[in-house]
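# Coordinate inspection notes
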Amino acid sequence: MAEPRAAHHFPSVEVETHAATLGMWVFLASEILLFAGLFALYAAYRTSYPEAFAEGIHHNMKWLGTLNTAILLVSSWAAARGDLALEQGRRTMAKNLILLTVFLGLLFLGFKGLEYGTHFADGIFPGGKGAFFAENPGRGISLFFTIYYMMTGLHAVHVTVGLGILAFLAWRISRGTLTPERPHALTLAAMYWHLVDVIWIFLWPLFYLTGGHG
Amino acid sequence: MSTPAAVHPHRFVNPFTFGVVIFGLLLLTGASYGLSYVELAPSWELTFSLTFAVAKAILVALFFMRLIDEAPSNQIAFITAVLFVAILIIFIVADVVARSERPTLVQPQTGALVQPMATPPGPASATPSP
């Protein structure tokens, strides 16, 4: 039975795992600060144009946003469960759960693309461009959709990156190069995926739910 | 044969806990969705929705991200970032609200700040006697 080997500059796998995990938490903290600027901008705009933001939220598809929230939450569960399965030495189960995560992530992106398509058909484009804004002039509604595209777009980029990494790691599990002896690459990727989920947890009420009754 | 990695023991990371957490997350999501159809004042609607969101984020961070089992150094790194975000947003909103309630005018010639007319001069603005 072979002992797991750490990279040459670490005395043990335990120390290597701790260093990698700390590095990931710091990276995730910097990601939070990246989104913080946009959340702060949203807060400032919404405080200045509450009615326009309520109108913009009513224009978004609440049921689709809710469905996407459930999809991302379940994908997060699958990633956490897959990571645990690999640690426990259940490689096939781990690979299948990570592939489920990837599938759910793709579904999320598909629904988000569908929603963007509906907006484009209604003449709603980033930067207040399009027929919708000619019919609905006003700075507030233009700012709402600009920050909407900015935040959900940046989030979709993160989803895409996460999907790529998880798909690569599923491939590595099936090839036998990501093993239960040193599983922390999957742990770190799953952490990234969970952060993407946490960001959506806040985007959902801000862009879909809190536009007044109905 | 595979040997599981020598990682620190997990007190809360197990399939059962993950099952309970995802159930709780979906329940909170349903509650948030249902609440969006209840007639509430906009400020309360936002407060309730964000409270549910914070609860969900805490569940994900603690259990799925395993923050509950992490070393204190890792917990501090993440919690500090969240705290900074909260401070940033609270002060920005406070600033925007304060400006909209009490607009400050700048005198074009001198660049000096002019108090709004609505603010009556109080005893503090009087010239102190020697």
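Before reading on, note that the structure itself is shown above.
Below: a short report on this structure. Here the structure is a predicted model, which means the values were calculated and not measured.

Counting secondary structure elements, chain A contains seven helices and zero strands. Its helices and strands taken in sequence order, chain A reads α-α-α-α-α-α-α from the N to the C terminus. Each principal axis of the C-alpha atoms in chain A carries an extent, and together these give about 70 × 30 × 30 Å. Put simply, of all contacts in chain A between residues at least 6 apart along the chain, 77% involve residues at least 24 apart.

Take the interface of chain A and chain B next. Interface size, as often reported, equals the accessible area lost upon joining of the parts. Each partner contributes to the interface: chain A provides 56 residues, whereas chain B provides 53 residues. Summed over both partners, the interface of chain A with chain B comes to about 4600 Å²; 75% of that surface belongs to carbon and sulfur atoms. With a shortest N-O distance of 2.8 Å, R66 of chain B and E87 of chain A are connected by a salt bridge. At the boundary of chain A and chain B, one finds five residue pairs in polar contact (both at pLDDT 80 or more). When residues of the side of chain A that touches chain B are traced back to their parent elements, those giving at least two are α1 (13-48), α3 (62-87) and α7 (184-209) of chain A. No other element matches the 20 residues that α1 of chain A contributes to the side of chain A that touches chain B.

It is worth spelling out the nonpolar core at this point. If you look at the biggest cluster of nonpolar residues, it comprises 77 residues, and the most contacted ones within it are L28 and F207 of chain A together with F78 of chain B. The element best represented in this core is α7 of chain A, accounting for 19 residues. The contact partners of F207 of chain A, leaving out residues within four places of it in the chain, are Y42, I57, N60, F144, I147, Y148 and M151 of chain A.

All names here are of chain A. For α7, built from 26 residues, the straight-helix expectation of 38 Å at 1.5 Å per residue is met to within 8% by its first-to-last C-alpha distance of 37 Å. Maximum bend of α7: about 30°, positioned at L203, with proline P205 one to four residues after it. Among the 26 residues of α7, 24 are classified as buried, and the element is accordingly described as predominantly covered.

With respect to the helices and strands, the residue K56 of chain B is situated in helix α2 (residues 42-64). Despite its burial, K56 of chain B remains without a salt bridge, the nearest opposite charge being carried by D197 of chain A at 7.7 Å.

Further remarks concern unusual backbone geometry. Both trends apply: most residues other than glycine have a negative phi, and most peptide bonds are in trans. Despite not being glycine, R66 of chain B has its phi angle at roughly 65°, a positive value. Note on placement: R66 of chain B falls in the loop between α2 and α3 (72-101).

This part covers α3 of chain A. Residue and element names in this part refer to chain A. The end-to-end C-alpha separation of α3 is 38 Å, in line with the 38 Å expected for 26 residues at 1.5 Å each. Most of α3 sits out of view: 21 of its 26 residues are buried. A positive backbone phi angle near 85° is found at G89, which sits one or two residues after α3.

Attention shifts here to the packing of aromatic side chains. Scanning the entire structure with this criterion turns up 25 aromatic pairs over all chains. On the basis of an interplanar angle of 90° and a centroid distance of 5.3 Å, the ring pair of F132 of chain A and F133 of chain A is categorised as edge-to-face. Residue class for F133 of chain A comes out buried when judged on its relative accessible area of 9%. Ring pairs connect the aromatic residues Y42, F53, Y116, F120, F125, F132, F133, F144, F145, Y148, Y149 and F207 of chain A, which therefore count as one cluster. Across from the ring centre of Y33 of chain B, 6.0 Å away, lies the NZ or CZ of K62 of chain A, which sits over that ring.

Among the secondary structure elements, S174 of chain A is positioned in helix α6 (residues 139-175). With 133 residues separating them along the chain, S174 of chain A and L41 of chain A place their C-alpha atoms 43 Å apart.

To continue, consider the packing of α1 of chain A against α7 of chain A. All names here are of chain A. Direction vectors running N to C along α1 and α7 enclose 15°, while the axes themselves pass 10 Å from each other. Put simply, α1 runs roughly parallel to α7. Considering the relative orientation of α1 and α7, their crossing is right-handed.

Okay, a nonpolar patch on the surface next. A cluster of nonpolar side chains, namely L33 of chain A together with L83, F84, I87, I90 and F91 of chain B, defines an oily patch on the protein surface of about 630 Å² accessible area. A total of five residues in the nonpolar patch trace back to one element, the largest contributor, which is α3 of chain B. Secondary-structure assignment places F91 of chain B in helix α3.

Before going further, it helps to examine the environment of G211 of chain A. Within the secondary structure, G211 of chain A sits in the segment after α7. When its relative accessible area of 8% is taken as the criterion, G211 of chain A is described as buried. Once the C-alpha coordinates of G211 of chain A and F53 of chain A are considered, the two residues, 158 residues apart in sequence, prove to be 7.0 Å apart. Every residue in contact with G211 of chain A, bar those within four places of it in the chain, is listed here: A54, I57 and H58 of chain A together with E45 of chain B.

So, how was this worked out
- Residues numbered from 1 in each chain as written.
- Chains lettered and ligands numbered in written order.
- Predicted model: local features only at pLDDT ≥ 70, side-chain atom pairs only at ≥ 80, totals over all residues.
- Heavy atoms only, no water.
- Helix = DSSP H or I, 4+ residues; strand = E, 2+ residues; numbered from the N terminus.
- Contact = heavy atoms within 4.5 Å.
- Buried area = accessible area lost by both parts, 1.4 Å probe.
- Salt bridge = Lys/Arg side-chain N within 4 Å of Asp/Glu carboxyl O.
- Polar contact = N/O pair within 3.5 Å; in protein donor to acceptor, adjacent residues only side chain to side chain.
- Core = buried A, V, L, I, M, F, W, Y, C linked by side-chain atoms within 4.5 Å.
- Buried < 20%, exposed > 50% of the residue type's maximum accessible area, 1.4 Å probe, protein only.
- Expected span 1.5 Å × (residues − 1).
- Bend = angle between axes of the 7 residues up to and from the residue.
- Lys, Arg positive; Asp, Glu negative; His and termini not counted.
- Phe/Tyr/Trp six-rings, centres within 6.5 Å; stacked < 30°, edge-to-face > 60°.
- Lys NZ or Arg CZ within 6 Å of the ring centre and 35° of its normal.
- Axes fitted to C-alpha atoms, helices over the stretch in contact; angles between N-to-C directions.
- Parallel < 35°, antiparallel > 145°, perpendicular 65-115°, else oblique.
- Left-handed = near helix turned anticlockwise from the far one by under 90°.
- Patch = residues over 30% accessible without salt bridge, like charges linked within 9 Å, V, L, I, M, F, W, Y side chains within 5 Å.
- Areas by Shrake-Rupley, 256 points an atom, 1.4 Å probe, with all protein chains shown as cover.

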